[in-house]
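# Results of the structural survey
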Amino acid sequence: MNAVVSPATTDPAAWADLAAAAVAVLRGNDAGEVTLPSPAQYPHQWSWDAAFIAIGLARFDPARARRELLSLFAGQWSDGRLPHIVYHPGTDPDSYFPGPGFWRGGKHPTAPRGAVTSGIVQPPVHARAVLAVWAADPGDAGRDFLRLTYPVLRAWHGYLLDRRNVGGRGAVAIVHPWESGLDNSPLWDGPLAAARVREGFRPGAFLRRDTVHVEASHRPDDEDYAAYVALAEAYRDSGYDDGALIRLPFVVEDPLFNYLLLDAELALAEIAEAADAADAAEAARAHRDQARRLHGALLDALWDRETGRVGARDVRTGIVHTTPTVAGLTPLFDPWLPADLREATVAMATGPSFAGGVRYPLPSTGVYDPAFDCRRYWRGPTWINTNWLVWCAARRSGLTGLAAQIRDSSLALVKDHSFREYYDPQTGRGLGAERFSWSAALTLDMLADVRADVAADPSACAAKRAPCAT
Ligand code: 2M8
């Protein structure tokens, strides 16, 4: 399948228009100190969305980017967890389900007093976001921001590494598909079946709001949604008892979550150094050692060395589920990944199941998997945030061809099909929420890379209408 080359990467006028459109989306979704992912579909602040959004805001308004993250961090619980939603006080509480009353966080001793939040978490991409925001404005305000946020991030990672080490091997566990960020991925089908939570499905037990603005066939089905609600209730009703997580129905070590944590510990080492704290060198070493320990733990827990496939371990059953999904490409974040596993991961990323099999990579599920569905949420569509993540990992590990392909096709998608929540990987048709914040934000980051390429090699650009990155 031929990769798409977008005028957004060859024509400065096109990329200026695209950048202006992206900024307009972020400004339009700005609710003051927080940027809503989509005012109709997601009218609050989400954890990993806020990190991606801050990375885009940093490209044109670093002070606003800092405030985005500080608003999110104001929702941190005293046990260190960063909740997956910080509810926006200006939003009608009934416009999103589950709403602010659902989680009963206010009754919990470690929940924040000044914010209403959920009690579950999302993938730890915040350290990278803090670093990007600092890099955009490394002056005094930037350094103050690093000093302010370093303890927040250290407590956040500490919570995960300590309280979520349910399997005891050093990998962290998620207790809800929503914690993965890839909510409806077929990677959770096995653990959900084992948990038997779909069996309690009662039509009409709650009112779904997510299908009001988005076509139901592009969202999780009712049985999966009921399972999500049951799992959230189980954790909530346990009093968020992290000492007893293994008793919950869904306890899974997710490759994406864990490899992002490994990368986040490496970012935290850089933050400690840049913040120039008294014990910076020692702190940085401790974070790098922690990343290295995670590397070993993940090799041990998540990989099938014979097939060269990484998977998600169901901690309760011990089964490692290896459904090919975009989460399986995130080991590229591991700088110590053994050569054979790296080759296998690159082969999967570039092969017919992913980049080689669709016009607009990367599909969220491998196209030959029986669960692949072009349009349903995380079960096949291409997403800009996972593209951006794999693009970052590929760039950092020297996979320039793959990185360029992902960047250029992502820019083609947003240029031709606007800033949607997700896209059909074969046709590019935009799906889900419109004017979606992280699609706009991460476009700005990828466009900055296009500009840097052209600055480094002007002959690769518009005058000749040649692709900048091949
Ligand atoms: C989606 O998740 C929420 C639940 O957290 C939902 O479907 O209502 C996911 O795509 C998640 O990754 C994302 O952070 C959130 C807001 O964009 O929407």
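Notes on the structure in this doc start here. Quantities reported herein were computed from a predicted structural model and do not represent experimental measurements. (Residues numbered from 1 in each chain as written. Predicted model: local features only at pLDDT ≥ 70, side-chain atom pairs only at ≥ 80, totals over all residues. Heavy atoms only, no water.)

### A short note on the pattern of salt bridges
Selection rule: A pair is scored as a salt bridge if a Lys or Arg side-chain nitrogen falls within 4 Å of a carboxyl oxygen belonging to Asp or Glu. Here a strand is any run of E in DSSP of at least two residues, a helix any run of H or I of at least four, and the numbering for each starts at the N terminus.
With the rule as written, the count across this model stands at 29 salt bridges. Measuring nitrogen to oxygen at the nearest pair gives 3.7 Å for the salt bridge that ties Asp 237 to Arg 104. Taken together, the positions of Asp 237 in helix α8 (residues 222-237) and Arg 104 in the loop between β2 (85-86) and α4 (126-136) put the pair 133 residues apart, joining distant regions of the chain. Beyond isolated ion pairs, a larger network of salt bridges with shared partners links Arg 395, Arg 407, Asp 408, Asp 449 and Asp 453.

### Considerations on the nonpolar core
General note: in soluble globular proteins, nonpolar side chains tend to be found buried as a group. Keep this limit in mind: Take the buried residues of types Ala, Val, Leu, Ile, Met, Phe, Trp, Tyr and Cys, join any two whose side-chain atoms come within 4.5 Å, and each joined set is a nonpolar core. The buried label applies to any residue whose accessible area, calculated with a 1.4 Å probe on protein chains only, is under 20% of its type's maximum; exposed applies above 50%, and partly exposed to all values in between. Any two residues whose heavy atoms approach within 4.5 Å at even a single point are treated as in contact.
Within the largest apolar cluster, 148 residues are counted, with the highest numbers of intra-cluster contacts made by Trp 48, Ile 271 and Trp 388. Broken down by element, this core gets its largest block of residues, 14 residues, from helix α9 (residues 255-275). Among residues more than four places away in sequence, those in contact with Ile 271 are Ala 127, Val 130, Leu 131, Leu 146, Tyr 150 and Leu 153.

### Considering the side chain of Thr 325
When you line up the elements, Thr 325 lands in the loop between β7 (320-321) and α11 (339-350). Beyond its immediate sequence surroundings of up to four residues, Thr 325 is in contact with Ser 185, Leu 187, Met 348, Phe 354, Ser 364 and Thr 365.

### Some remarks on the packing of aromatic side chains
Just so we agree on the cut-off: What counts as a ring pair is set by centres within 6.5 Å for rings of Phe, Tyr and Trp (its six-membered ring), and what kind of pair is set by the plane angle: stacked under 30 degrees, edge-to-face over 60, tilted for all other angles. Ring-over charges, as used throughout, are those where CZ of Arg or NZ of Lys falls within 6 Å of the ring centre and within 35 degrees of the ring normal.
This model, assessed by the stated rule, comprises 22 aromatic pairs. Look at Tyr 42 and Trp 46: their rings are 5.4 Å apart centre to centre, the planes differ by 75°, and that puts the pair in the edge-to-face class. The same class applies to Tyr 42 as to Trp 46, namely buried. Here Phe 436 and Trp 438 contribute two aromatic rings whose centre-to-centre distance is 5.1 Å and whose plane-to-plane angle is 80°, an arrangement assigned as edge-to-face. On the accessibility criterion, Phe 436 (2% relative accessible area) is buried. Through a chain of ring-to-ring contacts, the aromatic side chains of Tyr 42, Trp 46, Trp 48, Phe 52, Tyr 96, Tyr 377, Trp 378, Trp 383, Trp 388, Tyr 422, Phe 436 and Trp 438 assemble into a single cluster. In this structure, Arg 208 is placed above the aromatic ring of Tyr 225, and the distance from its NZ or CZ to the ring centre is 4.1 Å.

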